[in-house]
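# Observations on chain architecture
Listed below, chain by chain, are the residues.
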Amino acid sequence: MKEYDCVTQFENLSNEIVYEIFDYLDIYQAYRNFYDLNIRFHNLLTLSNYPIEVNLFNISKLSFEEHYQEFFQFNSHRIRSLYISNGFIIHLIISLAENQLLFRRLQTLYLNNIDLTNSKDLFNYLFLLPNLSALTFSSNNNCYDKNMIFEQIFRLSSLKYFKISLNQQHDTTSDLLTITNEYSSPIEHLIIDSNINLEEFLLLLAYVPRLRRLSIKCLISTSKLYSEISSIILNHLTHVSIKLKYIRFDVFEPLMKILFQNLQFLCISTYMDNEYINAQKWERLITNHMTHLRIFDLQHETSSINSLHCEHLMNQFSTLFWTERKWFFTHEHNYSGRSNQGLFYSIEPYRRKDYILNNIANQCNYSYHSKNNLDAVRHIHIEHRFAIDNHSVNIPHANEVTFGKNVYISREVIANLNNSIIPLSRLTKITIDSDYISLYNIINVLCLTPNCRKLTLTSLSYDERELVSIQYNENFQNLSQKNTMKDVTVKSCTFEEIQLVVNLFRQLEHLTINVSQKDFQSIVKYLLNTNENIRYLHSLYIRSTNDIWIEKLMNIIKEIRQDDEVFINIINCFDCYLWW
């Protein structure tokens, strides 16, 4: 057979295969590219009832208007999954509900950066979606009514999956949740990606009797005595992932005996109370009350553990009870200065998505295990400048790294990280919380991470005399031409530093900044003006040190843009979000 006999033209593929290919493409781009190819593809895109997925992440106002005019209004009945990362788009869609843009086939809805200050219209709209079975939303403001949120969510009659992320400034919960409605929710998978206290936790569980999977970012102790739990029946709950803080083992153990009887998977992170690493107590609890447990993943931040205690600890967790279930553990301790803390955690495999590199972490010599498998890790936290030198680990699949406050990033640190721990070319997100890193070294890191799309910085550290010269640096010039950075956050910056950021990241789409009142007006004017280096920028989140004067902001925008060209949302008086 000749080689060209095996070649198939795209137009000759079956409709089923073409639709499968479209599933891997942005549906609107597929529409734009294939709409005029021929009459067959025109009909496939306009006359079909084939369900589609629509992604409206990082989209400009102009692009959304084009989406709606050319595609949305004619295909809303086909949309099965909808992903939105902009609160303005949510409100636009709600305002179009009267025009029958109801997405009645919609099953999965992802809403990011929504304003929950006045969300009554949003929930009224959700009630109009009869097939909505999966809902994810996150909020970027601190003013919200948790009671109203959960009461409305529990009334959605088809909802099976719900994930919520609420913005919280501190390691505490806001006003206590006190919902008292009579609804029983059909939710089977619940993820709360924020802090919640123990009383609220038990209250919520009473409304989800069909729950199968539960994940809590952080469960915090409360001084109030928790309510009666014998009436909470969770016969279907099989998977739990939870982090506990300030909750003693003797407080949480009675809850596990009642709520976790049918559990098959338990991933639990605990803190300080060393009764959580009492092997005999876990053996009794699992043997008598959690007989279906197949996977037990424990991570505990220890205190007062020395080398002698470590040997005893590892021996207790190496009995037949643990080894026959293939549940293995190790302990890392930190004896720097006056610190005598460590981390006891499950291995073989290590199932966590996050992995922390601490200072002078010495793995316990008494652990009975082979080399740890870290293939599941996606996010590395580097907490100390010597952490990289003192760890010999390979984390091949991580795509995110966070440098902690005590990390000084030098050329040597960057080289060691790239050569021994993670291939930097895989990284798509970088967070630098340290003030001890120069702009030159930030640039050096980014030159080795060509696929990075999101960057978060505490500040830009440089000598003011170098502000101009640094932009003529060879690495700066090369990076400005080649990087594809889309989303940048700088927690503290001046007008001159914003100019530098814009010159460096020329494909930037979203910018989050903390600015002083002095620089507020000049920065807004600069970023809204037409500039070749910011032609892709279409959203701006500003955190100000003072109240934002809405009239002054409106006047600035009118000087530069046409009416209704820029949408504005003032959040918590000090923050504002612009979209154009």
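This structure is a prediction, so every number in the text was calculated from the model and none was measured.

## Quick word on the overall build of the protein
The helix and strand inventory of the protein stands at 18 helices and 23 strands. Computed over its C-alpha atoms, the radius of gyration of the protein comes to 27 Å, within 12% of the 25 Å expected for a compact globule of 580 residues. Projecting the C-alpha coordinates of the protein onto the three principal axes gives extents of approximately 75 × 70 × 65 Å. Sequence-distant contacts, at least 24 apart, represent 74% of the contacts inside the protein between residues at least 6 apart. For the protein, the accessible surface area stands at approximately 28300 Å², while carbon and sulfur atoms represent 47% of it. Side chains of the protein give 52 positive and 61 negative charges; the mean places of these two sets differ by 4 Å.

## Considering the pattern of salt bridges
Within this structure, the stated rule accounts for 15 salt bridges. Arg-212 is the salt-bridge partner of Glu-188, the closest N and O atoms lying 3.7 Å from each other. In this pair, Glu-188 sits in the loop between strand 5 (161-165) and strand 6 (189-197) while Arg-212 sits in the loop between helix 8 (198-205) and strand 7 (213-220), placing the two residues 24 residues apart along the sequence. For Glu-188, a relative accessible area of 26% translates into the label partly exposed. We classify Arg-212 as partly exposed; its relative accessible area is 38%. Among the charged side chains, a network of salt bridges with common partners joins Arg-32, Glu-66 and Glu-70.

## Description of a nonpolar patch on the surface
On the surface, a cluster of nonpolar side chains totalling about 290 Å² of accessible area is made up of Trp-549, Ile-550 and Met-554. On the accessibility criterion, Met-554 (32% relative accessible area) is partly exposed.

## Overview of the layout of surface pockets
Approximately 380 Å³ is the volume attributed to the second largest pocket. Forming the boundary of the second largest pocket are 18 residues, of which Ser-60, Arg-535, Leu-537, Arg-561 and Trp-580 lie nearest the centre. Along the lines of polarity and charge, the residues of the lining of the second largest pocket split into six nonpolar, six polar and six charged.

## Structural notes on helix 13 (residues 411-421)
Regarding helix 13, the residues found buried are Val-413, Ile-414, Leu-417 and Ile-421. Projected down its long axis, helix 13 shows its buried positions confined to an angular sector of 100°, all on one face. Across helix 13 from its buried face, at more than 90 degrees, point the exposed residues Arg-411, Glu-412 and Asn-419. Among the structural elements, strand 13 (354-357), strand 15 (379-382), strand 16 (400-403) and helix 14 (439-447) are those in contact with the buried residues of helix 13.

## What to know about unusual backbone geometry
Note the cis peptide between Glu-348 and Pro-349, where omega equals -5°. Tracing the backbone through its elements, the reader meets Pro-349 in the loop between strand 12 (341-347) and strand 13. For Tyr-246, which is not a glycine, the phi torsion comes out positive at approximately 65°. Secondary-structure assignment places Tyr-246 in the loop between strand 8 (239-245) and helix 9 (249-259). If you check the backbone angles, Met-272 has positive phi at about 70° while not being a glycine. In this structure, Met-272 sits in the loop between strand 9 (265-271) and helix 10 (279-289). Under the relative-accessibility criterion, Met-272 is labelled partly exposed at 30%.

## So, the sheet that holds strand 15
Reading across the sheet, the ten strands line up as 13-15-16-17-18-19-20-21-23-22 and stay open at both edges, with mixed pairing between neighbours. Pairing within the sheet leaves two strands with one partner each, and these edge strands are strand 13 and strand 22 (567-571). If you compare each strand with its neighbour and ignore which way they point, the axes differ by 10° on average. Here four bridges tie strand 19 (residues 487-490) to strand 20 (residues 510-515), and the two strands are oriented parallel to one another. Its bridge partner lying in strand 20, Thr-489 is registered against Thr-512. Together, strand 22 and strand 23 (575-579) form the strand contacts of helix 18 (residues 550-560), whose direction differs from that of strand 22 by roughly 160°.

## Observations regarding the packing of aromatic side chains
By convention here, two paired aromatic rings are described through the distance between centres and the angle between planes. All chains considered together, the criterion is met by 44 aromatic pairs. Ring centres of Tyr-246 and Tyr-271 lie 5.8 Å apart, and the angle between their planes is 90°; this geometry places the pair in the edge-to-face category. Note that Tyr-246 is positioned in the loop between strand 8 and helix 9 and Tyr-271 in strand 9, a separation of 25 residues in sequence. Owing to a relative accessible area of 27%, Tyr-271 belongs among the partly exposed residues under this scheme. The rings of Phe-249, Tyr-276, Trp-282, Phe-296, Phe-317, Phe-321, Trp-322, Trp-327, Phe-329 and Phe-344 are connected pair by pair, giving a single aromatic cluster.

## Some remarks on the side chain of Thr-270
By the element assignment, Thr-270 lies in strand 9. Take Thr-270: its relative accessible area is 4%, and that puts it in the buried class. Not counting the four nearest positions on each side in its chain, Thr-270 is found in contact with Leu-244, Tyr-276, Leu-298, Gln-299, His-300 and Glu-301.

## A few points about the confidence of the model for the protein
Of the residues in the protein, 90% reach a pLDDT of 70 or more, and the chain-wide mean stands at 87. For the protein, the element scoring lowest by mean pLDDT is strand 14 (residues 362-363), at 58; helix 10 scores highest, at 98.

## Topic: helix 15 (residues 474-482)
Turning to helix 15, its buried residues number three or more, namely Phe-476, Leu-479 and Ser-480. For helix 15, the angular spread of the buried residues around the axis is 100°, confining them to a single face. Exposed side of helix 15, more than 90 degrees from the buried face: Glu-474, Gln-481 and Lys-482 are the residues found there. Residues of helix 15 that are buried in the fold lie against helix 14 and helix 16 (495-504). Of the residues that open helix 15, the one with a side-chain oxygen 2.8 Å from the backbone nitrogen of Asn-475 is Asn-473.

Cut-offs applied
Residues numbered from 1 in each chain as written. Predicted model: local features only at pLDDT ≥ 70, side-chain atom pairs only at ≥ 80, totals over all residues. Heavy atoms only, no water. Helix = DSSP H or I, 4+ residues; strand = E, 2+ residues; numbered from the N terminus. Rg over C-alpha atoms; globule rule 2.2 N^0.38 Å. Contact = heavy atoms within 4.5 Å. Areas by Shrake-Rupley, 256 points an atom, 1.4 Å probe, with all protein chains shown as cover. Lys, Arg positive; Asp, Glu negative; His and termini not counted. Charge placed at Lys NZ, Arg CZ, Asp CG, Glu CD. Salt bridge = Lys/Arg side-chain N within 4 Å of Asp/Glu carboxyl O. Buried < 20%, exposed > 50% of the residue type's maximum accessible area, 1.4 Å probe, protein only. Patch = residues over 30% accessible without salt bridge, like charges linked within 9 Å, V, L, I, M, F, W, Y side chains within 5 Å. 1 Å grid on protein atoms, 1.4 Å probe; cavity = no way out; pocket = protein on both sides within 12 Å on 5 of 7 lines; lining within 4 Å. Points joined across faces, edges and corners; volume = space filled by probe spheres on them. Nonpolar A, V, L, I, M, F, W, Y, C, P; charged D, E, K, R; others polar. Arc of directions from axis to C-beta. Pairing = 2+ DSSP bridges. Axes fitted to C-alpha atoms, helices over the stretch in contact; angles between N-to-C directions. Phe/Tyr/Trp six-rings, centres within 6.5 Å; stacked < 30°, edge-to-face > 60°. pLDDT = per-residue confidence, 0-100. Polar contact = N/O pair within 3.5 Å; in protein donor to acceptor, adjacent residues only side chain to side chain.

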